[in-house]
Amino acid sequence: MTTDFGWWARDADGRRFQVRAAIFGDAITWSRKQGHYQTWQPYGPPTEEDWDALLAEAARRVPRRLLSPAQFATIKRQRPQ
């Protein structure tokens, strides 16, 4: 089952865009969307801020049992060092 995480970010010009990280097993697919009626486009490589946002969103879901501790550990392992 795919687990989606999403948040808003800003580019170098100050424009907002939506970031989505879809997790399926050990694979993380990053995509972005600039406007409401635009299509999702591949996004990458993710920045440190993107990884921080993903881990923060995942950490909020673990206590509510929307994400298991094993899935959270898998996400943390995927982050490049």
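You'll find the structure just up there.
Summary of the structure given here. Residues take numbers from 1 onward in each chain, read along the sequence in its written order. Reporting in this predicted model follows two pLDDT cut-offs: at least 70 for local features of residues, and 80 or more for side-chain atom pairs to be given and counted; totals over whole chains, interfaces and linings ignore these cut-offs and use all residues. Side-chain metrics in this entry use all non-hydrogen atoms of the structure; hydrogen atoms and water are not considered.

Some thoughts on the sheet that holds strand β4 (residues 41-42)
Part 1: Judged by pairing direction, the sheet is antiparallel, and its 4 strands sit side by side in the order β1-β2-β3-β4 without closing on themselves. Each edge of the open sheet carries a strand with a single partner, namely β1 (3-10) and β4.
Part 2: Here the rule is simple: two strands pair whenever DSSP picks up at least two bridges between them. In this text, helices come from DSSP runs of H or I with a minimum length of four residues, and strands from runs of E with a minimum of two, each type numbered from the N-terminal end. As paired strands, strand β2 (residues 16-24) and strand β3 (residues 27-33) are joined by 7 bridges and run antiparallel to one another. Looking at β3, one finds that F24 is bridged to A27.
Part 3: Between two residues, a contact is recorded if the distance between any of their heavy atoms is within 4.5 Å. Here, axes are lines fitted to C-alpha atoms. For helices the fit covers the stretch in contact, and angles between N-to-C directions go from 0 to 180 degrees. Seen against the sheet, helix α1 (residues 48-61) touches β1, β2 and β3 and runs at an angle of roughly 135° to β1.

What to know about the nonpolar core
Soluble globular proteins tend to pack their nonpolar side chains together in the buried interior.
Part 1: Among the nonpolar cores identified, the biggest contains 17 residues, and F5, W7, V19, I28, W30, L54 and I75 are the most heavily contacted of them.
Part 2: Going through the elements one at a time, β1, β2, β3, α1 and α2 (69-78) are the ones with two or more residues in this core.
Part 3: Beyond its immediate chain neighbours, meaning those up to four positions away, V19 contacts F5, G6, W7, A9, W30, S31, W40 and Y43. Side-chain atoms within 4.5 Å link the members of a nonpolar core, which is a set of buried Ala, Val, Leu, Ile, Met, Phe, Trp, Tyr and Cys residues. Summary of the burial criterion: residues with accessible area below 20% of their type's maximum are buried, those above 50% are exposed, and those between are partly exposed, where the area comes from a 1.4 Å probe applied to protein chains only.

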